[in-house]
Amino acid sequence: MAEFQQRGEDLEHNLAECKILLKETQERLKKLEEDRQEGEEDEEREAELKKVQAEVKKLRKDEKMFEKMMEEYRREEKKLPWNVDTLSKEGFSKSVLNIKPDTKEETEKEKVEKHKTFVEKYAKEIKHFGMLHRWDDSQKYLSDNPHLVCEETANSLVVICIDYEIDEKHALMEQVAHQAIVMQFILDLARALKVDPRGCFRDFFSKIKTADKQYLDMFDHELELLKERVRSCAQSRMEGAMKELEEEERQKRLGPGGLDPVEVYGSLPKMMQRSFDEKNIQMLQEAMSKLDPLEGRYHLLRCIDSGLWVPESGETDDEEDEEEEDQSEKEGDK
(Lines give C-alpha, C1' and ligand atoms only; values in the text may rest on other atoms or scores of the structure.)
Protein backbone atom coordinates (compact mmCIF):
# COMPACT_ATOMS: atom_id res chain seq x y z
CA MET A 1 0.00 0.00 0.00
CA ALA A 2 2.86 2.39 0.85
CA GLU A 3 4.49 1.67 -2.52
CA PHE A 4 1.19 2.25 -4.30
CA GLN A 5 0.71 5.60 -2.59
CA GLN A 6 4.30 6.59 -3.36
CA ARG A 7 3.73 5.77 -7.03
CA GLY A 8 0.70 8.11 -7.04
CA GLU A 9 2.67 10.93 -5.44
CA ASP A 10 5.50 10.47 -7.95
CA LEU A 11 3.05 10.59 -10.84
CA GLU A 12 1.46 13.78 -9.51
CA HIS A 13 4.87 15.35 -9.07
CA ASN A 14 6.02 14.34 -12.56
CA LEU A 15 2.82 15.64 -14.15
CA ALA A 16 3.13 18.99 -12.35
CA GLU A 17 6.80 19.24 -13.33
CA CYS A 18 5.96 18.46 -16.93
CA LYS A 19 3.27 21.17 -17.02
CA ILE A 20 5.70 23.74 -15.61
CA LEU A 21 8.36 22.88 -18.17
CA LEU A 22 5.81 22.96 -20.98
CA LYS A 23 4.59 26.41 -19.94
CA GLU A 24 8.14 27.77 -19.75
CA THR A 25 9.13 26.24 -23.09
CA GLN A 26 5.99 27.61 -24.77
CA GLU A 27 6.92 31.08 -23.51
CA ARG A 28 10.43 30.68 -24.96
CA LEU A 29 8.96 29.56 -28.26
CA LYS A 30 6.59 32.54 -28.35
CA LYS A 31 9.49 34.95 -27.74
CA LEU A 32 11.62 33.35 -30.46
CA GLU A 33 8.74 33.55 -32.95
CA GLU A 34 8.21 37.24 -32.10
CA ASP A 35 11.93 37.95 -32.53
CA ARG A 36 11.90 36.23 -35.92
CA GLN A 37 9.01 38.41 -37.09
CA GLU A 38 10.70 41.60 -35.94
CA GLY A 39 14.27 40.89 -37.14
CA GLU A 40 16.06 39.52 -40.17
CA GLU A 41 16.59 35.83 -40.85
CA ASP A 42 19.31 34.29 -38.72
CA GLU A 43 20.58 30.70 -39.00
CA GLU A 44 21.40 30.43 -35.31
CA ARG A 45 17.99 31.75 -34.34
CA GLU A 46 16.24 29.38 -36.74
CA ALA A 47 18.16 26.44 -35.28
CA GLU A 48 17.16 27.47 -31.75
CA LEU A 49 13.55 27.88 -32.87
CA LYS A 50 13.43 24.35 -34.31
CA LYS A 51 15.03 22.97 -31.15
CA VAL A 52 12.44 24.63 -28.90
CA GLN A 53 9.58 23.52 -31.17
CA ALA A 54 10.81 19.95 -30.79
CA GLU A 55 10.95 20.36 -27.00
CA VAL A 56 7.36 21.64 -26.91
CA LYS A 57 6.22 18.69 -29.02
CA LYS A 58 7.98 16.21 -26.72
CA LEU A 59 6.66 17.83 -23.53
CA ARG A 60 3.08 17.75 -24.85
CA LYS A 61 3.53 14.07 -25.56
CA ASP A 62 4.94 13.51 -22.05
CA GLU A 63 2.05 15.46 -20.53
CA LYS A 64 -0.52 13.25 -22.24
CA MET A 65 1.40 10.15 -21.13
CA PHE A 66 1.47 11.26 -17.47
CA GLU A 67 -2.23 12.21 -17.57
CA LYS A 68 -3.05 8.77 -18.95
CA MET A 69 -0.94 7.11 -16.24
CA MET A 70 -2.71 9.18 -13.58
CA GLU A 71 -6.10 8.12 -14.90
CA GLU A 72 -5.02 4.46 -14.75
CA TYR A 73 -3.69 4.98 -11.24
CA ARG A 74 -6.98 6.49 -10.05
CA ARG A 75 -8.94 3.63 -11.59
CA GLU A 76 -6.73 1.16 -9.70
CA GLU A 77 -7.13 3.24 -6.54
CA LYS A 78 -10.93 3.01 -6.71
CA LYS A 79 -10.73 -0.78 -6.97
CA LEU A 80 -8.68 -1.10 -3.77
CA PRO A 81 -10.50 -2.77 -0.86
CA TRP A 82 -11.29 -0.60 2.16
CA ASN A 83 -8.84 -1.18 4.98
CA VAL A 84 -6.89 0.72 7.61
CA ASP A 85 -4.35 1.96 5.05
CA THR A 86 -6.87 3.29 2.52
CA LEU A 87 -9.18 4.86 5.11
CA SER A 88 -6.59 6.59 7.27
CA LYS A 89 -3.90 7.62 4.76
CA GLU A 90 -2.69 11.25 4.81
CA GLY A 91 -4.19 12.82 1.74
CA PHE A 92 -3.64 16.54 2.19
CA SER A 93 -1.44 17.27 -0.79
CA LYS A 94 -3.43 15.09 -3.16
CA SER A 95 -6.89 16.19 -2.09
CA VAL A 96 -5.94 19.87 -2.19
CA LEU A 97 -4.08 19.50 -5.48
CA ASN A 98 -7.23 18.28 -7.15
CA ILE A 99 -9.38 21.17 -5.91
CA LYS A 100 -9.81 23.92 -8.48
CA PRO A 101 -9.62 27.49 -7.21
CA ASP A 102 -12.88 29.24 -6.43
CA THR A 103 -13.90 31.08 -9.58
CA LYS A 104 -16.53 33.26 -7.91
CA GLU A 105 -15.89 36.90 -8.73
CA GLU A 106 -15.38 39.12 -5.70
CA THR A 107 -16.25 42.81 -5.64
CA GLU A 108 -13.47 45.30 -4.92
CA LYS A 109 -15.01 46.05 -1.52
CA GLU A 110 -15.08 42.34 -0.64
CA LYS A 111 -11.44 41.93 -1.69
CA VAL A 112 -10.35 44.86 0.48
CA GLU A 113 -12.30 43.57 3.48
CA LYS A 114 -10.99 40.03 3.00
CA HIS A 115 -7.40 41.29 2.79
CA LYS A 116 -7.81 43.48 5.88
CA THR A 117 -9.30 40.66 7.97
CA PHE A 118 -6.66 38.14 6.85
CA VAL A 119 -3.71 40.46 7.52
CA GLU A 120 -5.01 41.44 10.96
CA LYS A 121 -5.40 37.78 11.87
CA TYR A 122 -2.09 36.45 10.49
CA ALA A 123 0.22 39.52 10.59
CA LYS A 124 2.74 37.79 12.86
CA GLU A 125 2.91 34.60 10.73
CA ILE A 126 3.23 36.59 7.47
CA LYS A 127 6.11 38.64 8.87
CA HIS A 128 7.82 35.47 10.11
CA PHE A 129 7.60 33.90 6.64
CA GLY A 130 9.04 37.11 5.17
CA MET A 131 12.19 36.68 7.27
CA LEU A 132 12.98 33.10 6.26
CA HIS A 133 16.13 32.62 4.17
CA ARG A 134 16.38 28.91 3.29
CA TRP A 135 14.15 27.09 0.79
CA ASP A 136 13.63 24.18 3.22
CA ASP A 137 12.60 26.53 6.04
CA SER A 138 10.06 28.28 3.79
CA GLN A 139 8.60 24.98 2.59
CA LYS A 140 8.29 23.60 6.13
CA TYR A 141 6.67 26.80 7.40
CA LEU A 142 4.09 26.74 4.63
CA SER A 143 3.46 23.05 5.29
CA ASP A 144 2.71 23.94 8.91
CA ASN A 145 0.70 27.03 7.89
CA PRO A 146 -0.93 26.24 4.52
CA HIS A 147 -3.49 29.04 4.99
CA LEU A 148 -0.66 31.50 4.22
CA VAL A 149 -0.40 30.24 0.62
CA CYS A 150 -2.68 32.86 -0.90
CA GLU A 151 -2.89 36.23 -2.65
CA GLU A 152 -3.39 38.10 0.63
CA THR A 153 0.01 36.98 1.93
CA ALA A 154 1.74 38.05 -1.30
CA ASN A 155 0.10 41.50 -1.15
CA SER A 156 0.86 41.90 2.55
CA LEU A 157 4.55 41.07 1.97
CA VAL A 158 4.76 43.81 -0.67
CA VAL A 159 3.23 46.32 1.77
CA ILE A 160 5.83 45.30 4.39
CA CYS A 161 8.56 45.86 1.76
CA ILE A 162 7.33 49.41 1.10
CA ASP A 163 7.20 50.20 4.84
CA TYR A 164 10.79 48.98 5.27
CA GLU A 165 11.97 51.03 2.28
CA ILE A 166 10.32 54.18 3.67
CA ASP A 167 12.09 53.54 7.00
CA GLU A 168 15.36 53.14 5.00
CA LYS A 169 15.74 49.52 6.14
CA HIS A 170 16.89 48.44 2.68
CA ALA A 171 18.33 45.02 3.62
CA LEU A 172 15.06 43.98 5.29
CA MET A 173 13.11 45.23 2.27
CA GLU A 174 15.17 43.04 -0.06
CA GLN A 175 14.75 39.99 2.19
CA VAL A 176 10.95 40.31 2.36
CA ALA A 177 10.81 41.07 -1.39
CA HIS A 178 12.49 37.68 -2.02
CA GLN A 179 9.75 35.91 -0.06
CA ALA A 180 7.07 37.92 -1.85
CA ILE A 181 8.39 36.61 -5.18
CA VAL A 182 8.44 33.07 -3.76
CA MET A 183 4.75 33.41 -2.94
CA GLN A 184 4.02 34.99 -6.32
CA PHE A 185 5.72 32.12 -8.19
CA ILE A 186 3.65 29.60 -6.21
CA LEU A 187 0.44 31.46 -7.10
CA ASP A 188 1.47 31.67 -10.78
CA LEU A 189 2.16 27.93 -10.78
CA ALA A 190 -1.27 27.25 -9.27
CA ARG A 191 -2.94 29.35 -11.98
CA ALA A 192 -0.98 27.55 -14.69
CA LEU A 193 -1.97 24.14 -13.31
CA LYS A 194 -5.51 25.32 -12.40
CA VAL A 195 -5.21 23.96 -8.88
CA ASP A 196 -5.38 25.28 -5.34
CA PRO A 197 -1.99 26.90 -4.50
CA ARG A 198 -1.89 25.02 -1.17
CA GLY A 199 -1.54 21.83 -3.15
CA CYS A 200 1.35 22.80 -5.41
CA PHE A 201 3.74 24.86 -3.30
CA ARG A 202 5.84 21.71 -2.71
CA ASP A 203 6.28 21.39 -6.48
CA PHE A 204 7.66 24.93 -6.61
CA PHE A 205 10.25 24.22 -3.93
CA SER A 206 11.21 20.92 -5.56
CA LYS A 207 11.82 22.78 -8.80
CA ILE A 208 13.61 25.86 -7.43
CA LYS A 209 16.06 23.75 -5.40
CA THR A 210 17.23 21.93 -8.56
CA ALA A 211 16.44 24.65 -11.10
CA ASP A 212 18.59 25.41 -14.12
CA LYS A 213 20.18 28.80 -14.74
CA GLN A 214 17.34 30.01 -16.95
CA TYR A 215 14.69 29.45 -14.28
CA LEU A 216 16.85 31.06 -11.57
CA ASP A 217 17.55 34.03 -13.85
CA MET A 218 13.82 34.45 -14.37
CA PHE A 219 13.27 34.37 -10.59
CA ASP A 220 16.03 36.96 -10.02
CA HIS A 221 14.65 39.16 -12.80
CA GLU A 222 11.19 39.22 -11.21
CA LEU A 223 12.78 39.96 -7.83
CA GLU A 224 14.68 42.96 -9.22
CA LEU A 225 11.51 44.27 -10.89
CA LEU A 226 9.63 44.04 -7.59
CA LYS A 227 12.40 45.88 -5.71
CA GLU A 228 12.32 48.66 -8.30
CA ARG A 229 8.53 48.97 -7.95
CA VAL A 230 8.83 49.03 -4.15
CA ARG A 231 11.44 51.82 -4.28
CA SER A 232 9.31 53.82 -6.70
CA CYS A 233 6.18 53.38 -4.58
CA ALA A 234 8.03 54.28 -1.38
CA GLN A 235 9.40 57.43 -3.03
CA SER A 236 5.91 58.42 -4.22
CA ARG A 237 4.47 57.88 -0.75
CA MET A 238 7.22 59.96 0.87
CA GLU A 239 6.72 62.77 -1.65
CA GLY A 240 2.97 62.65 -1.05
CA ALA A 241 3.50 62.79 2.71
CA MET A 242 5.84 65.77 2.31
CA LYS A 243 3.28 67.62 0.19
CA GLU A 244 0.58 66.95 2.78
CA LEU A 245 2.87 68.18 5.55
CA GLU A 246 3.79 71.31 3.58
CA GLU A 247 0.11 72.03 2.93
CA GLU A 248 -0.71 71.58 6.63
CA GLU A 249 2.09 74.01 7.55
CA ARG A 250 0.87 76.44 4.91
CA GLN A 251 -2.67 76.33 6.27
CA LYS A 252 -1.34 77.06 9.76
CA ARG A 253 0.61 80.06 8.43
CA LEU A 254 -2.31 81.71 6.64
CA GLY A 255 -3.04 85.21 7.83
CA PRO A 256 -6.41 86.82 8.62
CA GLY A 257 -7.03 87.47 4.93
CA GLY A 258 -6.21 83.89 3.89
CA LEU A 259 -2.79 84.66 2.34
CA ASP A 260 0.45 82.79 3.00
CA PRO A 261 3.06 85.12 4.56
CA VAL A 262 5.92 83.17 2.95
CA GLU A 263 4.43 83.64 -0.52
CA VAL A 264 3.61 87.31 0.13
CA TYR A 265 7.12 87.99 1.46
CA GLY A 266 8.62 86.48 -1.70
CA SER A 267 6.56 88.85 -3.87
CA LEU A 268 7.64 92.04 -2.06
CA PRO A 269 10.21 94.51 -3.40
CA LYS A 270 13.72 93.98 -1.96
CA MET A 271 13.56 97.14 0.20
CA MET A 272 10.33 96.01 1.85
CA GLN A 273 11.74 92.52 2.43
CA ARG A 274 14.78 94.05 4.13
CA SER A 275 12.60 96.19 6.41
CA PHE A 276 10.72 93.05 7.54
CA ASP A 277 14.03 91.18 8.05
CA GLU A 278 15.31 94.00 10.29
CA LYS A 279 11.87 94.74 11.77
CA ASN A 280 12.43 98.40 10.92
CA ILE A 281 9.16 100.37 10.58
CA GLN A 282 10.90 103.56 9.39
CA MET A 283 12.64 101.63 6.61
CA LEU A 284 9.29 100.10 5.61
CA GLN A 285 7.69 103.54 5.43
CA GLU A 286 10.57 104.86 3.29
CA ALA A 287 10.24 101.82 0.97
CA MET A 288 6.51 102.47 0.64
CA SER A 289 7.05 106.18 -0.12
CA LYS A 290 9.30 105.29 -3.07
CA LEU A 291 6.60 103.12 -4.66
CA ASP A 292 3.67 104.16 -6.77
CA PRO A 293 0.74 104.76 -4.33
CA LEU A 294 -1.39 102.02 -5.90
CA GLU A 295 1.50 99.52 -5.87
CA GLY A 296 2.35 100.43 -2.28
CA ARG A 297 -1.26 100.05 -1.26
CA TYR A 298 -1.40 96.61 -2.99
CA HIS A 299 1.66 95.31 -1.12
CA LEU A 300 0.51 96.76 2.20
CA LEU A 301 -2.91 95.09 2.01
CA ARG A 302 -1.30 91.76 1.12
CA CYS A 303 1.04 92.10 4.10
CA ILE A 304 -1.98 92.72 6.35
CA ASP A 305 -4.00 89.80 4.88
CA SER A 306 -1.05 87.45 5.37
CA GLY A 307 -0.28 88.60 8.91
CA LEU A 308 3.14 89.99 8.02
CA TRP A 309 1.94 93.42 9.11
CA VAL A 310 -0.51 94.00 11.94
CA PRO A 311 -1.77 97.59 11.67
CA GLU A 312 -2.77 99.63 14.67
CA SER A 313 -6.47 100.36 15.09
CA GLY A 314 -7.66 102.88 12.51
CA GLU A 315 -4.47 102.73 10.46
CA THR A 316 -6.11 101.11 7.48
CA ASP A 317 -8.96 103.62 7.59
CA ASP A 318 -6.43 106.49 7.51
CA GLU A 319 -4.73 104.88 4.55
CA GLU A 320 -8.05 104.64 2.71
CA ASP A 321 -8.84 108.32 3.46
CA GLU A 322 -5.42 109.40 2.19
CA GLU A 323 -5.90 107.40 -0.97
CA GLU A 324 -9.32 108.99 -1.59
CA GLU A 325 -7.84 112.49 -1.05
CA ASP A 326 -5.01 111.75 -3.47
CA GLN A 327 -7.49 110.49 -6.00
CA SER A 328 -9.67 113.62 -5.59
CA GLU A 329 -6.68 115.92 -6.03
CA LYS A 330 -5.71 114.16 -9.23
CA GLU A 331 -9.24 114.54 -10.59
CA GLY A 332 -9.27 118.28 -9.58
CA ASP A 333 -5.99 118.90 -11.41
CA LYS A 334 -7.52 117.40 -14.53
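Rules and cut-offs
Residues numbered from 1 in each chain as written. Predicted model: local features only at pLDDT ≥ 70, side-chain atom pairs only at ≥ 80, totals over all residues. Heavy atoms only, no water. UniProt positions renumbered as here; feature names shortened; annotations may be inferred. Helix = DSSP H or I, 4+ residues; strand = E, 2+ residues; numbered from the N terminus. Contact = heavy atoms within 4.5 Å. Areas by Shrake-Rupley, 256 points an atom, 1.4 Å probe, with all protein chains shown as cover. Phe/Tyr/Trp six-rings, centres within 6.5 Å; stacked < 30°, edge-to-face > 60°. Buried < 20%, exposed > 50% of the residue type's maximum accessible area, 1.4 Å probe, protein only. Core = buried A, V, L, I, M, F, W, Y, C linked by side-chain atoms within 4.5 Å. Salt bridge = Lys/Arg side-chain N within 4 Å of Asp/Glu carboxyl O. Axes fitted to C-alpha atoms, helices over the stretch in contact; angles between N-to-C directions. Left-handed = near helix turned anticlockwise from the far one by under 90°. Nonpolar A, V, L, I, M, F, W, Y, C, P; charged D, E, K, R; others polar. Arc of directions from axis to C-beta. Polar contact = N/O pair within 3.5 Å; in protein donor to acceptor, adjacent residues only side chain to side chain.

- Going by an unreviewed UniProt entry, the chain carries the name Hsp90 co-chaperone Cdc37 and comes from Xyrichtys novacula.
- In UniProt, the chain has this text filed under Subcellular location (unreviewed entry): "Cytoplasm".
- Regarding the chain, the UniProt comment filed under Sequence similarities (unreviewed entry) reads as follows: "Belongs to the CDC37 family."

## Digging into the overall build of the chain
Then, number 1: The helix and strand tally for the chain stands at 15 helices and 0 strands.
Then, number 2: Sequence-distant contacts, at least 24 apart, represent 68% of the contacts inside the chain between residues at least 6 apart.
Then, number 3: Just so you have it, the chain exposes about 22400 Å², and 50% of that area is on carbon and sulfur atoms.

## So, the packing of aromatic side chains
Then, number 1: Scanning the model with the defined rule gives 8 aromatic pairs in all.
Then, number 2: Ring centres 6.3 Å apart and planes at 75° place the aromatic pair Trp 135 and Phe 204 in the edge-to-face group. Placement of Trp 135 in helix α6 (residues 135-144) and of Phe 204 in helix α9 (residues 201-209) is noted, with a sequence separation of 69 residues between them.
Then, number 3: The class for Trp 135 is partly exposed, based on a relative accessible area of 24%.

## Let's talk about the nonpolar core
Then, number 1: Counting 44 residues, the largest nonpolar core has Phe 129, Leu 142, Ile 186, Phe 204 and Phe 205 as the members making the most contacts within it.
Then, number 2: Secondary-structure elements contributing two or more residues to this core are α1 (2-38), α5 (108-130), α6, α7 (151-166), α8 (170-193), α9 and α10 (213-253).
Then, number 3: When sequence neighbours within four positions are dropped, the list of residues in contact with Phe 129 reads Ser 138, Tyr 141, Leu 142, Leu 157, Gln 179, Val 182 and Met 183.
Then, number 4: Grouped together as the second largest cluster of nonpolar side chains are 14 residues, Leu 11, Leu 15, Leu 32 and Met 70 included.

## Section: the pattern of salt bridges
Between side chains of opposite charge, a pair can form when the charged atoms approach closely.
Then, number 1: Scanning the entire structure with this criterion turns up 21 salt bridges.
Then, number 2: Note that Lys 227 and Glu 224 form a salt bridge whose closest N and O atoms lie 3.0 Å from each other. Linking Lys 227 with Glu 224, this pair stays in helix α10, spanning 3 residues, or about one helical turn.
Then, number 3: A relative accessible area of 8% places Lys 227 in the buried class.
Then, number 4: Relative accessible area serves as the criterion here: at 38%, Glu 224 is assigned to the partly exposed category.
Then, number 5: Where Arg 274 meets Glu 278, a salt bridge forms, and the shortest distance between an N and an O atom there is 3.2 Å. With Arg 274 and Glu 278 both in helix α12 (residues 270-278) and 4 residues apart, this pair spans about one turn of that helix.
Then, number 6: Of the residues examined, Arg 274 reaches a relative accessible area of 45% and is grouped as partly exposed.
Then, number 7: Relative accessible area serves as the criterion here: at 44%, Glu 278 is assigned to the partly exposed category.
Then, number 8: What you see here is one network of salt bridges that share partners, running through Arg 134, Asp 136, Asp 137 and Lys 209.

## Some words on the packing of α8 against α9
Then, number 1: For the pair α8 and α9, interaxial distance at closest approach is 9 Å and the crossing angle is 115°. Regarding α8 and α9, the two cross each other, and that crossing is right-handed. Judged by residue contacts, Val 182, Phe 185, Ile 186 and Leu 189 of α8 engage Phe 201, Asp 203, Phe 204 and Phe 205 from α9.
Then, number 2: Considering only residue class, the contact of α8 with α9 consists of 7 nonpolar, no polar and 1 charged.

## Here's the deal with helix α13 (residues 281-289)
Then, number 1: Within α13 the residues assigned to the buried category are Met 283, Leu 284, Ala 287 and Met 288. Looking straight down α13, one finds that the buried residues subtend no more than 140° of arc, so they occupy a single side. Set apart from the buried face of α13 by more than 90 degrees, the exposed residues are Gln 282, Gln 285 and Ser 289.
Then, number 2: Of the surrounding elements, those touching the buried residues of α13 are α12 and α14 (293-306).
Then, number 3: The opening residue of α13, the one whose side-chain oxygen lies 3.1 Å from the backbone nitrogen of Gln 282, is Asn 280.

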